[in-house]
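Coordinate analysis (summary)
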2 protein chains.
Amino acid sequence: MSWIVREEGFDPKRITNHGSKFMTGNGYMGCRGTLDEFSKEQLTAVTLAGVYDQVGTKWREPVNAPNGLRTRLYADGAELNVLSASVEKHVQELDIARGIHSRETVYLTGSGARITFRSERFVSMDQLHLIVNRFSVHSDKDISLTLETGIDGAVWDINGPHLKETQYASHEGILTAAASTQELGIRVVVAECLEGPQAGDQEIVASENGIVQRIQLSLQAGAPQEWVKYVSVYTSLDEVGDALAAALFGSRQAQAAGYESLLKAHEEIWEQHWALSDVVIEGDDEAQLALRYSIYQLLIIAPAGSEKVSIPARGLSGQVYKGAVFWDTEMFMLPFFLYTQPQVARNIMLYRKHTLDGARRKAAEYGFGGAYYAWESQDSGDDACTLFNITDVFTGRPMRTYFRDKQIHISCDVAHGIWEYYKLTGDTRFLLDGGAEVIWECARFLYSYACYYPLKERYELLDVTGPDEYHERVHNNAFTNYMARHTLRMAVRMMDELAEQAPALHAELTRQPKGVPGMNEIREIAERLYVPEPDEHTAVIEQFDRYHQLEDISLQELKSRILQSNEYLGGGNGVATTTQIIKQADVVLLMHLFKDEFAPAIKKANWEFYEPRTEHGSSLSPCVYALVASDIGMPDWAYPYFKRTATIDLTGDSKQYVGDLYIGGTHPAANGGAWMAAVLGFGGLQADEKEVRLNPSLPTAWSALAFKIHVRGHAFDIRITKEDVLVTSLAADGPEQAFRIQGSAVSVSPGQTAMFSLNGRVSAGS
Amino acid sequence: MSWIVREEGFDPKRITNHGSKFMTGNGYMGCRGTLDEFSKEQLTAVTLAGVYDQVGTKWREPVNAPNGLRTRLYADGAELNVLSASVEKHVQELDIARGIHSRETVYLTGSGARITFRSERFVSMDQLHLIVNRFSVHSDKDISLTLETGIDGAVWDINGPHLKETQYASHEGILTAAASTQELGIRVVVAECLEGPQAGDQEIVASENGIVQRIQLSLQAGAPQEWVKYVSVYTSLDEVGDALAAALFGSRQAQAAGYESLLKAHEEIWEQHWALSDVVIEGDDEAQLALRYSIYQLLIIAPAGSEKVSIPARGLSGQVYKGAVFWDTEMFMLPFFLYTQPQVARNIMLYRKHTLDGARRKAAEYGFGGAYYAWESQDSGDDACTLFNITDVFTGRPMRTYFRDKQIHISCDVAHGIWEYYKLTGDTRFLLDGGAEVIWECARFLYSYACYYPLKERYELLDVTGPDEYHERVHNNAFTNYMARHTLRMAVRMMDELAEQAPALHAELTRQPKGVPGMNEIREIAERLYVPEPDEHTAVIEQFDRYHQLEDISLQELKSRILQSNEYLGGGNGVATTTQIIKQADVVLLMHLFKDEFAPAIKKANWEFYEPRTEHGSSLSPCVYALVASDIGMPDWAYPYFKRTATIDLTGDSKQYVGDLYIGGTHPAANGGAWMAAVLGFGGLQADEKEVRLNPSLPTAWSALAFKIHVRGHAFDIRITKEDVLVTSLAADGPEQAFRIQGSAVSVSPGQTAMFSLNGRVSAGS
C-alpha cells in the first residue's frame, strides 16, 4: 500500500499535474507521466539531463527528445483517447518501489464494445538509454482496431523549437528520429523496436511531425493482444561515436534481451536503491507514502551516471526554470545523497568543479575575482538567469530582478556542499582533484566582493540578495554573511591542511598576482567579516540591515493587498518588498545550518519571530521550519511543515505561475527537504568527520523511524522509537564509529548493534 | 516692454498656471497670482516661508495663511466673477520691475451696465509682513453694488487642514483671523484695514470660513470708487510677542502711512534689487524678458530677512514638494545670489548651519557618522522626504523610492555651497561661526559611508542615487564621487588652514572619539576615493558602474513604451530604469562644476554622449546642457536649452504631475539656471578667491550681455559684446581685482574700467 501512487478517473484539469506526479526517470532522462496517446499539448516530454539549447535570444533550456512512447488506438474510425472517447474506467498508477508507470483504461466504442487498454512502462535504471513499454488490449466483443505507434517528433518546447532537421526513417523495422539542436548542433536520436502484436496490415508513415507504424489488429472477444516497445535514446554528447547507430543497436539489443529480463535488471537496481535509501515511518501511513514518494523523485533524477550534470530545480520534469541547477541542489538535495548514496553526491559536487570556469567568467563579468557560481547553472556553468526573469502582470513588461546579480550566497552554498561531502566521506582525492580549488576560488570571490570599514575594523557584504528573494539588494543579509564567513573559515582551514599535505597544490592555489587575495587576506577577512548577532533583548537576528524598519504586517494583511493572483510579491514594486513578510526561510535556515552555534532559546526566538512573517512562496521554505522546530524539541510544530513538504508533488498544490511564467513541475528540493525534515529533523541526525550525532524528536503520531546512513564508507541502520535508539553497523570490518546520542558518546564497532535508551542509558550488543 | 508680463482674456484652464506665473512675494511670504474673487478651489495661497505643519501622518508642508485679499463684487444680485459673470475684457499683468500684480476686468451686468474693476497689489519689499491692495471700480451707468471684502479662512491645503481653531474678529473696524497650526501650535494671524470706499450700509459677517465686510456702493456713471486694503501677516515664529497685536499694529500703521508712501518704499527696494541683479541682453527681447522674469522670481522668494529659512524647490508658490529645500538651492540658485546679493547667499548657507543637527540625526538614523543633509529639508533639518514619494499609476499603490535614503550628494552640495560662498566673499567669520563645522561633518559622513577595497587600495561609494533619479541605488555614481572627493579635499584644505588660523576650533572639530574619523582618515580618503575617469577611447565618463550595460535606446523608443502619460519613468519598474535614458544632467553637471579639470574634448564628448539620452524630466536639467555647451564654445547648442529654462514659468509647460502627485508651481532652480546659463554660460563667468575669469561665448542673436557682479565686497559692471569685454570697477577704494579674460590676466583697480578686445588686446581706461 505504501508504495503505490494511484489516481482513478480522468480529469482534464489535472493533466499537467499528473505529468509531474507520475514521472519516471533514471537520471539520464526523465519521462513525464503523460498518457500514451498524449502529444505536446498535454506536455509530453522525455527530458534529457544536461542537454541544453538556445533559440535566438530566447531562454536557454533543456532539450526534450522526440517522444518514442507515442501510441494510439482507433476503433470504428474513432480514436480511443481519454480526451475524446467514452471512458468507462481509467486508472493511472505509479509503483515507486520499482519505478513503473502504468495505466488502464476501459473505453466504450461507438459500436458498443468495451475495450480495455493497459500500458506499463519503465525508464530503465539498468540501461540508462532505454525506455521499455508493454501494452495489452482486449475487448469484450470481436472488433478490428488500428494501432498507431511510433515516434512523435512534435516536441513540447517552452522556448523552442530546439530540434531542427529531424529525419525519420525505418531501419529494418526499427523506427528512428534523428535531429540536431539549434545552438550547438547536438545530435538527438531516438530508435524504437516494436515486438508484437500479431499484425495484420501494416504500414509505416512518416510526416514532418513524426513516424508511425499503422497496424490493423483483429481482436477477438476476451483474447488480449500484447506488444512491447523498446525505445533507445542517445545524443552526440554521450561519446558513443554515431548516436544513431548506438540507438539502433540499443533498441535491437533490448528486444533481444526481452521485456522480462530488462524488467528484472531494472527492478534489481531499484531494490538496491531502496535498500540504501528507504526511510520507514511506523504509525503514519500517509507520511510514509509521502516520504517514500519524495525519495522516489530524487532517485529518478540522480545523476548516477555522470559527473557533468547535476540536478535541476525541477528535476527532469520538463523545461521549467530552464532546467537549471540552483542552490537547491547543494542545500536541499545533497544531504539525502550524501548519507545514502555518496557516489551520487560526488557526481553532484564534481559538476561544480567542471563548471568552475563558468563561475570565474561570471565573477569577471561583474568585476570580481574568484568564482561566482551561476544562479541558474546549465552545462557550461555560465549563468542562464536573465535580468528580466518575471513579467509584470500590470503592464505586461519584463521586470528587472536581481536573482542573477546579487545572490552571492550561491558560491558559499557550493563551497559548503563540497565541504560537507568531504567531511562525511573523507574523500581527500576529491579535494585534490578540484574540490579545494572550488572552495578557494569561492573564498577569493567573497574577498573581492566584500568591502572594509577601517574604523569599524570589519568587512561587510553590501548589496546582496539572500534566500528571501522578496527583498533584493540588501546589506549584510545574515544568511549570506554567516555562509560567507563559514566559507572563508573552511578555506583557511583547508588551505592550512593542504600546506602540510599537498604543498604543491597549496603553492599553486595561493600564487598571488597583483590584485588577487592570498592566504593573509583570506585569513583576515575570515576573522573580520561582520555577522549580525542575535539581539541582546529579543534574541532575534535581523535578516539584513534595516529589516526591522520595514512595515510589520500580517500575512493576511499582505494578501489583502494583492490585486491579481499571479502578481509577483517581490521586485521593485511588489507588495512584500516594503514589508517584513519574507518569501522563505532565511535566518531560520541559518539556524538549521549552524545549529551548534546558536543556543536553543535563540533558535526558538527566531523561529517564532520569522514563522508568522514567512509566505512560503518557495517550495524550499517549509522543510526548514520543520527542521528547526524539531531541533528545538517541538516536533509537532514541525509536523505540518514536514507534511506540506513531503506531499508537494502528490497534491500538486504548489504555485504554478509567477507573473505569466509557468513554474510547475516536480520539486526535488522539497523532496530532499522531506527527507531532511524526517531524518535530520525528527531523527536529529548530524555528522561530521568525528562523529555521528542523533537527537531524535519524533512527532506524536510516529512510533518509530528507521533509516540507513553511510558515513566514511560504512553503512549503519538506525532505528528510533520514543523509547530508544538502535544503531547497527552493517560493516564487516574497519574502525569504530563514534556516535553521540542525546549528548552521550557511544562507539559502534563493525557488525555491532548499540542500543541507547532515551531515558539515558547506553548498552551495546551484537 | 521688457518688464511686463501680461495676459489678455480669461481661460479657466490656465488658472493654476497663472497662479504661479503672476506670483508676488518678498521672501517672508509668497502670494499666488490668483484673482481677488478666487478661493481655495482656484489655489489661492499666501504661503509663509519657514512655517511648516503636519497633520497626523500626512506629508508635512508649509502653512498658507488665511487670505486677506479676498474681495468680491455683486451687481443685480449676481457676483461679478470671471468664473461666472459675463466678461467683456480681462487683463492680468505683472510688473516685474516693481513687483506689482494687477488685473482689470470689464463685466456686463444683467441690467446692461458695463462695470470696470481694477485691482493692484504688492507684497511689500519694505515691510515684510505687509500686502497692500488698491481697488477701483466704475460703471457706465448708475448702479448699486455690493462689495464683500475680508479674510478668507478656507485655506487651500494639500495635506491639511493645517490651521485649527481660527478665530475671527473685528477690532475697531480692523478684521482679524487668528489660528494655530496643528503640530506645533504656531499662531498665524492676519489683520486688515480697509480704507475707503465711500460706504453706504455696512455690515460685518463672520462664519466658520472667514470674516467679511459687506458694503453697499452707490456707483454713479463715470465716477469711480476706490479703496485700499492693508493686510498684515504675523506668526508666533516672528518673535514679536503677541502676533495678533503686531498684525493689528502693522495694518493700522500701514493705513496711516498710506498707499503712495508704502508703494514708494517698495519701489525703491525693487530699484535697488535691479541695480544689483539686472542682466541686460541686447538683440533678443524675448530672451531679455524671460531672463528678467527668472530673476524676478528669485528676488520675490529670497530670504533677505532670515537666516533660518532657505528657498524651497517651488519657491513660495504653495505647498508643492512639501515646501522643502532641496539641493536645488545650493546648486542652481546660490550662484545668482552669490554674485549679486551675497548677503542673501549668506542667509541661505546659514540655514544649513542651523539645520546641522537635523543632518546629524539623519546620518545617525542610517547608522552613519557626521551630517547627512535632508533630501527635503524644512525648518528643523529633519528629512521631510518620505520613503513612498510617488504613487504607482498602474496599481494605485505607494511606490518605494530612494530619494531620501541614497542621494548622499546632498551633503556634498551643501559643503560645496558653503565653500563657494567663502571663496567669493572671503567671509572667514562665516566659516568660524559654523561653516567649517558643516563642511567637516559632511566629510565625516562621507568617510563613514564609503567602503574600502584593500587590494584596489581605494574607497568607493556604493548604493547611492545621483542627480539622475531614474537610476536609483547605483554604485560609484560619477557625479557623487567627484563631489565627494571635492568635499573631502576642501575639508582637508580648510582644516589645514584652521590649524594655523583657528587652532582652538581645529582642535574642537578634530576631537576623535572611537569610531569617528579624524584628520588622518579624511586625508586618506580624500586621496584614495575612486572617481571614474573618462574612457581612454571615447572620453565618456560612465555615469555609474555598469551604466553602459543598460539598454541603449532612443528617447523616442522609450516614450513609445509609456502606457500612461503620468507614469513614473524611474523606480523599481520604470521604463527608464533599465535603459541608458537619464532623467537629467548628471555627468554633464560634473563637467560644469569641474570645468577646469576636464579638457574641452572630454566635455564635448560627454555632452554629445549624454545629451540624446537625457529626458529632462527635471527642470534642473536644460540649463546644465546650456552651461556646458557654452563652455565648449557652442553657444548655439546652448541657446535652446537656455530658452527652455528661462521660459519655464512663463509658458507653464513643465510637468504638472508625476503619478497622481501635483508638482506644479514656480521653478526657482530653473530661474537660477537661466541666470547661470546667461552669465556663467554665455558670459563665461567664473570666480574664486584669486581671480575672476570671463570666457564669453554669446549666441548668434545677442549683440551684448551686461551684468553686475560682487566679488569679495566689491561690485563690477561687466559688458560683453562680440568684439570686447568691458569691466568697470564700481568700488571707490580697496585692492585691485585680478581678472582673466579669455586666458589673459587683467588687473582692475577701484573706479577703473578695463577694456579687453576679444581679438586679444587689453587696454585700461578711467
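Here the structure is a predicted model, which is why all the values come from computation and not from measurement. (Residues numbered from 1 in each chain as written. Chains lettered and ligands numbered in written order. Predicted model: local features only at pLDDT ≥ 70, side-chain atom pairs only at ≥ 80, totals over all residues. Heavy atoms only, no water.)

1. Topic: empty space enclosed by the protein
Evaluated as defined, the whole model comprises 14 cavities of 30 Å³ or more. What lines the largest cavity is a set of 24 residues, among which A:Asp392, A:Phe394, A:Asn573, B:Asp392 and B:Asn573 lie closest to the centre. The computed volume of the second largest cavity comes to approximately 110 Å³. Grouping the constituent residues of the lining of the second largest cavity by class yields ten nonpolar, seven polar and two charged. Counting contributing residues per domain, the lining of the second largest cavity is built from domain 1 (4-271) and domain 2 (310-682) of chain B, each supplying no fewer than three. (1 Å grid on protein atoms, 1.4 Å probe; cavity = no way out; pocket = protein on both sides within 12 Å on 5 of 7 lines; lining within 4 Å. Points joined across faces, edges and corners; volume = space filled by probe spheres on them. Nonpolar A, V, L, I, M, F, W, Y, C, P; charged D, E, K, R; others polar. Domains from an automatic or database assignment.)

2. Some details on the sheet that holds strand S6 (residues 71-75) of chain B
Adjacent strands of a sheet pair through backbone hydrogen bonds, lying either parallel or antiparallel. Residue and element names in this part refer to chain B. Taking strand neighbours across the sheet as the criterion, the five strands line up as S7-S6-S12-S17-S16 in an open arrangement whose pairing is antiparallel. Each having just a single partner strand, strand S7 (78-80) and strand S16 (202-207) make up the two edges of the open sheet. When the angles between neighbouring strand axes are averaged without regard to direction, this sheet yields 30°. Bridge count between S6 and strand S12 (residues 143-152): five bridges; the pairing is antiparallel. In the strand pairing of S12, Ala75 is matched with Leu145. (Pairing = 2+ DSSP bridges. Helix = DSSP H or I, 4+ residues; strand = E, 2+ residues; numbered from the N terminus. Axes fitted to C-alpha atoms, helices over the stretch in contact; angles between N-to-C directions.)

3. Side note on the domain arrangement of chain A
All names here are of chain A. Domain assignment breaks chain A into domain 1 (4-276), domain 2 (278-682) and domain 3 (691-765). Centre-to-centre, using C-alpha coordinates, domain 2 lies 29 Å away from domain 3. Between domain 2 and domain 3, the contact holds 27 residues from the first and 20 residues from the second. Ranking the residues of domain 2 by area buried against domain 3 places Glu282, Tyr339 and Phe682 at the top, with a combined share of 32%. Applying the counting rule to domain 2 against domain 3 returns two salt bridges. One salt bridge connects Glu282 with Arg719, and the closest N-O pair in it is separated by 2.7 Å. Taken together, the links from domain 2 to domain 3 amount to eleven residue pairs in polar contact (both at pLDDT 80 or more). Looking at the side of domain 2 that touches domain 3, the elements that each hand over two or more residues are strand S19 (279-282), helix H5 (328-340), helix H9 (409-425), helix H18 (635-646) and helix H20 (668-682). Taken together, the residues that form the side of domain 2 that touches domain 3 break down as 15 nonpolar, six polar and six charged. (Contact = heavy atoms within 4.5 Å. Buried area = accessible area lost by both parts, 1.4 Å probe. Salt bridge = Lys/Arg side-chain N within 4 Å of Asp/Glu carboxyl O. Polar contact = N/O pair within 3.5 Å; in protein donor to acceptor, adjacent residues only side chain to side chain.)

4. Points about unusual backbone geometry
Working note: non-glycine residues mostly have negative phi, and peptide bonds are mostly trans. Note that the residue after A:Gly160, namely A:Pro161, is joined by a cis bond; omega there is 0°. Position of A:Pro161 among the secondary structure elements: in the loop between strand S12 (143-152) and strand S13 (163-171). With omega at -10°, the peptide bond leading from B:Gly196 into B:Pro197 counts as cis. Topologically, B:Pro197 is positioned in the loop between strand S15 (187-195) and S16.

5. Quick word on the interface of chain A and chain B
The partner chain B presents 38 residues to the 38 residues of chain A that form the contact. Counting each side, the surface lost to burial between chain A and chain B is near 3,000 Å², with a carbon and sulfur contribution of 53%. The largest per-residue losses of area from chain A upon contact with chain B belong to A:Arg397, A:Leu455 and A:Asn573, which jointly make up 24% of the total buried on that side. The interface formed by chain A and chain B contains four salt bridges. Along the contact surface separating chain A from chain B lie ten residue pairs in polar contact (both at pLDDT 80 or more). Among the secondary structure elements, those contributing two or more residues to the side of chain A that touches chain B are helix H10 (428-449) and strand S22 (451-453) of chain A. Looking at the side of chain A that touches chain B residue by residue, the classes come out as 19 nonpolar, seven polar and twelve charged.

6. Thoughts on helix H7 (residues 356-365) of chain B
Residues and elements named next belong to chain B. All buried positions along H7 are accounted for by Leu356, Gly358, Ala359, Lys362 and Ala363. Along the long axis of H7, the arc covered by the buried residues comes to 160°, so they all point the same way. Positive phi appears at Gly367, one or two residues downstream of H7, with a value of about 85°. (Buried < 20%, exposed > 50% of the residue type's maximum accessible area, 1.4 Å probe, protein only. Arc of directions from axis to C-beta.)

7. What about the pattern of salt bridges?
What the rule picks out here adds up to 116 salt bridges over all chains. Across the salt bridge formed by A:Glu192 and A:Lys229, the nearest N and O atoms sit 3.1 Å from each other. With A:Glu192 in strand S15 (residues 187-195) and A:Lys229 in strand S18 (residues 225-235), this residue pair connects regions lying 37 residues apart in the sequence. A:Lys229 shares its class with A:Glu192; the two are buried. Taking the shortest distance from any N to any O, the salt bridge between B:Lys21 and B:Glu7 comes out at 2.6 Å. Of the two residues, B:Lys21 sits in helix H1 (residues 15-21) while B:Glu7 sits in strand S1 (residues 4-8), which places them 14 residues apart along the sequence.

8. Some words on the relation of the copies chain A and chain B
The relation between the two chain copies is a rotation about an axis coupled with a shift along that axis. For the pair chain A and chain B, the relating rotation is 180°, the translation along its axis is 0.0 Å, and the fit reaches an RMSD of 0.1 Å. Seen this way, the second copy is the image of the first under a two-fold rotation axis. Across chain A, the rotation axis passes nearest the C-alpha of A:Gly572, at a separation of 1.8 Å. (Least-squares fit on C-alpha atoms with pLDDT ≥ 70 in both.)

9. Some details on the UniProt feature "domain: Glycoside hydrolase family 65 C-terminal" (unreviewed entry) in chain A
Feature annotation in UniProt assigns "domain: Glycoside hydrolase family 65 C-terminal" (unreviewed entry) to the following positions: residues 688-733 of chain A. Counting secondary structure, residues 688-733 of chain A comes out at 0% helix and 57% strand; the distance between its end C-alpha atoms is 20 Å. (UniProt positions renumbered as here; feature names shortened; annotations may be inferred.)

10. Here we look at the packing of aromatic side chains
Inspection of every chain in the model, using the stated rule, returns 80 aromatic pairs over all chains. Here A:Tyr482 and A:Phe598 contribute two aromatic rings whose centre-to-centre distance is 5.6 Å and whose plane-to-plane angle is 65°, an arrangement assigned as edge-to-face. Residue A:Tyr482 is located in helix H11 (residues 478-501), and its partner A:Phe598 is located in the loop between helix H15 (587-593) and helix H16 (600-610); the two are separated by 116 residues in the primary sequence. The class of A:Phe598 is buried, set by a relative accessible area of 6%. With a centroid separation of 5.9 Å and 75° between ring planes, the pair formed by B:Trp327 and B:Phe479 is classed as edge-to-face. Taken together, the positions of B:Trp327 in the loop between helix H4 (285-299) and helix H5 (328-340) and B:Phe479 in helix H11 (residues 478-501) put the pair 152 residues apart, joining distant regions of the chain. You'll find B:Trp327 and B:Phe479 in the same group, each marked buried. (Phe/Tyr/Trp six-rings, centres within 6.5 Å; stacked < 30°, edge-to-face > 60°.)

11. Concerning the environment of A:Ala539
Residues and elements named next belong to chain A. Among the secondary structure elements, Ala539 is positioned in the loop between helix H13 (519-528) and helix H14 (555-560). On a C-alpha basis, the gap between Ala539 and Leu455 in space is 26 Å, while along the polypeptide they are 84 residues apart. Non-local contacts of Ala539, meaning those with residues more than four positions away in its chain, are made with Pro534, Ile602, Ala605 and Asn606.

12. Brief notes about the packing of H5(A) against helix H6 (residues 342-354) of chain A
All names here are of chain A. Running from amino to carboxyl end, H5 crosses H6 at an angle of 145°, the nearest separation of the two axes being 6 Å. When H5 is examined against H6, the residues Thr329, Glu330, Leu334, Phe337, Leu338 and Thr340 are found in contact with a partner set consisting of Pro342, Val344, Ala345, Ile348, Met349 and Arg352. Partitioned by chemical class, the residues of the contact of H5 with H6 number eight nonpolar, two polar and two charged.

13. Overview of the pairing of strand S4 (residues 46-53) of chain B
Residue and element names in this part refer to chain B. Burial runs high along S4: eight of the eight residues are buried. Direction of pairing for S4 relative to strand S5 (residues 61-65): antiparallel, over a ladder of four bridges. Pairing of Tyr52 across the sheet is with Pro62, part of S5.

14. Points about the packing of helix H9 (residues 409-425) of chain B against helix H10 (residues 428-449) of chain B
Residues and elements named next belong to chain B. The contact between H9 and H10 brings their axes to 9 Å, and the two run at 155°. Between H9 and H10, the angle is such that the two are roughly antiparallel. Note on packing geometry: the crossing formed by H9 with H10 is left-handed. Judged by residue contacts, Ser411, Cys412, Val414, Ala415, Ile418, Trp419, Tyr421 and Tyr422 of H9 engage Thr428, Phe430, Leu431, Gly435, Val438, Ile439, Cys442, Phe445 and Leu446 from H10. (Parallel < 35°, antiparallel > 145°, perpendicular 65-115°, else oblique. Left-handed = near helix turned anticlockwise from the far one by under 90°.)

15. Remarks on the state of the cysteines
Applying the stated criterion across every chain yields a total of zero disulfides over all chains. No disulfide involves A:Cys31; its sulfur sits 18 Å from that of A:Cys193, the nearest cysteine. The buried category is assigned to A:Cys31, whose relative accessible area is 3%. In this model A:Cys451 remains outside any disulfide bridge; the closest cysteine sulfur is found in B:Cys451, 3.3 Å from its own. For A:Cys451, a relative accessible area of 1% gives the class buried. (Disulfide = S-S within 2.5 Å.)

16. Quick look at the pairing of strand S32 (residues 744-748) of chain B
Residue and element names in this part refer to chain B. Summarising the sheet, strand S31 (residues 737-741) and S32 pair through five bridges and their orientation is antiparallel. Each residue of the ladder has a partner; that of Ala738, found in S32, is Ser747. Hairpin connection of S31 to S32: two residues between the antiparallel strands, including Gln742 at a positive phi of 45°.

17. Describing the sheet that holds S13(A)
All names here are of chain A. Within the open sheet, the nine strands sit side by side as S1-S8-S9-S10-S11-S18-S15-S14-S13. Their pairing is antiparallel. At either margin of the open sheet sits one strand with a lone partner, and together these are strand S1 (4-8) and S13. Going across the sheet, the axis of each strand differs from the next one's by a mean of 15°, ignoring polarity. Relative to strand S9 (residues 100-108), strand S8 (residues 86-95) runs antiparallel, the two being bridged by nine bridges. Paired with Val91 across the two strands is Glu104, which belongs to S9.

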